[in-house]
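Commentary on secondary and tertiary structure
The chain contents come next:
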Amino acid sequence: MKYLHTNFKYDFIYSENERRSGSACPFKSSKSIKKNSGGASPNFNEEKKLWKAGFNYVVGIDEVGRGPLAGPVVACAVWVNPKNKTKFLKLGIKDSKKISAPKRKQIFKALKNHPDIKWGIGRVSEKGIDKINILEATKLAMLKAVKNLETKTKLTFRHSAECRNVNSRGIDYLILDGNFTLRPICRAQGKQAQGEKYIPQKSIIKGDAKVFSVALASIFAKVTRDQLMEKYDKKYPQYNFKNNKGYGTAAHFACLKKYGSCKIHRKTFYPVSIAR
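Now for a quick tour of the structure.

**Looking at the overall build of the protein chain**
Across its full length, the protein chain holds 8 helices and 7 strands. The burial tally for the protein chain puts 53% of its 276 residues in the buried class. Sequence-distant contacts, at least 24 apart, represent 73% of the contacts inside the protein chain between residues at least 6 apart. Accessible surface computed for the protein chain: about 14000 Å², of which carbon and sulfur atoms make up 52%.

Take a look at the structure:
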């Protein structure tokens, strides 16, 4: 089985810059979130097109954790109420990589229980990644996120013409960050339908920098994964997962050389694959 390789130089630079760039975020609620001044923010242009076309439950999806040497890949699916969308544009929501860790946490805290925002999380462990490769694990995490959103909000998938026997309120369009689509999904009466069909979906490269729901999904996914890695840090303190989040920093490479790999390291990723 072939596995995808990661860009360790990028991961190292990103992780190091992230740790150095963050300063304490001043806001404590959605009312006090300041709008970012640098660069264009994601908007609702893509969602508006779909809402006008009759798709009410448009869900944005993004993932985090494709590049690290350790820990799961985590995806988030986000739905924003089209009736009350405008107020969220004032919050300065951006791709999670473009804002500091403290600000991500504050946005997550302010919006995670907002009545006009629904979200679900999906994750695939390091073992799953090693088994099916990181690309397929990313897709699976996204599917799990959609299912989690469906379960949390009591929504069911809106069915296409091929599944008209079930007429129910539910998720009817997916916007994905990336250049791939997910496998067919079609459900009838709680079971996999004969002749699966795709939920209508669209993939957008750098969607987390362009589409509001995808950008918010990137933030929720990032905060969720960071919290998981901070928990793992308590179990495996020698690897400093609290700070590197499993990414391939120089210090992490040194730890692998000194201690070898631990249970949550991805055994098919270099240099974990050659660590003792």
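**Here we look at the pairing of strand β4 (residues 173-177)**
Across the 5 residues of β4, 5 count as buried, placing the element largely inside the fold. Residues Y173, I175 and D177 line one face of β4 and the alternating positions L174 and L176 line the opposite face, and both faces are buried. Judged from the 4 bridges that link them, strand β1 (residues 58-64) and β4 form a sheet pairing that is parallel. Each residue of the ladder has a partner; that of I61, found in β4, is L176. As paired elements, β4 and strand β7 (residues 201-204) share 4 bridges and run parallel to each other. Across the sheet, residue L176 finds its bridge partner in β7, namely S203.

**Quick notes on the packing of aromatic side chains**
In this description, an aromatic ring pair is defined by two values, namely the gap between the centres and the angle between the planes. Applying the stated criterion across every chain yields a total of 10 aromatic pairs. With 5.1 Å between their ring centres and 85 degrees between their planes, F108 and F220 make a pair best called edge-to-face. Of this pair, F108 sits in helix α3 (residues 101-111) while F220 sits in helix α6 (residues 212-235); the two residues are 112 residues apart in sequence, bridging distant segments of the chain. The two residues F108 and F220 agree in class, both being buried. Directly above the ring of W119 sits K152, whose terminal nitrogen or CZ lies 3.8 Å from the centroid.

**Concerning the sheet that holds β1**
Spatial strand order, β3-β2-β1-β4-β7: 5 strands in an open sheet with mixed pairing. Here the strands that pair on one side only, and so sit at the sheet edges, are β3 (117-124) and β7. Taken pair by pair, the neighbouring strands of this sheet meet at an average axis angle of 20 degrees, ignoring direction. Bridge count for β1 against strand β2 (residues 73-80) is 6 bridges, and the pairing is antiparallel. Its bridge partner being in β2, V64 is matched across the sheet by V74. Each of β1, β2, β3 and β4 touches helix α5 (residues 134-153); the most contacted strand, β3, lies at about 140 degrees to it.

**Structural notes on the environment of V146**
Structurally, V146 can be placed in helix α5. Counting along the chain gives 25 residues from V146 to I121, while the straight-line C-alpha distance between them is 7.6 Å.

**What about a positive patch on the surface?**
On the surface, a cluster of positive charge is contributed by R123, K144, K231, K234 and K242. Using a relative accessible area of 74% as the deciding quantity, one classes K234 as exposed.

**A look at the packing of α3 against α6**
It is at 9 Å that the axes of α3 and α6 come closest, and there the two elements cross at 110 degrees. Relative to α6, α3 is oriented roughly perpendicular. Contacts from R104, K105, I107, F108 and L111 of α3 reach α6 at L216, I219, F220, K222, V223, T224, D226, Q227 and E230.

**A few points about the nonpolar core**
With 34 residues, the main nonpolar core has V78, I93, L111, I117, I175, L216 and F220 as its most contacted residues. It is α6 that provides the largest number of residues to this core, a total of 10 residues. If you look at the next biggest cluster of nonpolar residues, it comprises 24 residues, including V73, A75, L143 and V146.

Rules used throughout
- Counting restarts for each chain: residues are numbered from 1 in the order of the written sequence.
- Local features in this predicted model are restricted to residues of pLDDT 70 or higher, and side-chain atom pairs are both shown and tallied only at a pLDDT of 80 or more, whereas totals for entire chains, interfaces and linings draw on every residue.
- The side-chain numbers reported here are obtained from all heavy atoms of the structure, hydrogens and water having been left aside.
- Numbering goes from the N terminus for both helices and strands, where a helix is a DSSP run of H or I of at least four residues and a strand is a run of E of at least two.
- A simple rule labels every residue: compare its accessible area, found with a 1.4 Å probe on the protein chains alone, to the largest value its type can have, and call it buried under 20%, exposed over 50%, or partly exposed in between.
- Two residues form a contact once any of their heavy atoms are found within 4.5 Å.
- Using a 1.4 Å probe, the Shrake-Rupley method yields the accessible areas, and only the shown protein chains count as cover for residues.
- At least two bridges found by DSSP between two strands are what make those strands a pair.
- What counts as a ring pair is set by centres within 6.5 Å for rings of Phe, Tyr and Trp (its six-membered ring), and what kind of pair is set by the plane angle: stacked under 30 degrees, edge-to-face over 60, tilted for all other angles.
- Two thresholds decide whether a charge sits over a ring: the Lys NZ or Arg CZ must be within 6 Å of the ring centre and within 35 degrees of the ring normal.
- Every axis corresponds to a line fitted to the C-alpha atoms, with the helix fit spanning only the stretch in contact, and the corresponding angles, defined between N-to-C directions, vary from 0 to 180 degrees.
- Patch definition: residues above 30% relative accessible area lacking any salt bridge, with like charges linked at up to 9 Å and the nonpolar side chains Val, Leu, Ile, Met, Phe, Trp and Tyr linked at up to 5 Å.
- Any carboxyl oxygen of Asp or Glu that lies within 4 Å of a side-chain nitrogen of Lys or Arg is treated as forming a salt bridge with it.
- In summary, the charge assignment counts Lys and Arg as positive and Asp and Glu as negative, without counting His or the chain termini.
- Lys charges are placed at NZ, Arg charges at CZ, Asp charges at CG and Glu charges at CD.
- By definition in this entry, angles of less than 35 degrees are roughly parallel, angles greater than 145 are roughly antiparallel, angles of 65 to 115 are roughly perpendicular, and the rest are oblique.
- By nonpolar core we mean a set of buried residues, namely Ala, Val, Leu, Ile, Met, Phe, Trp, Tyr and Cys, connected to one another through side-chain atoms within 4.5 Å.

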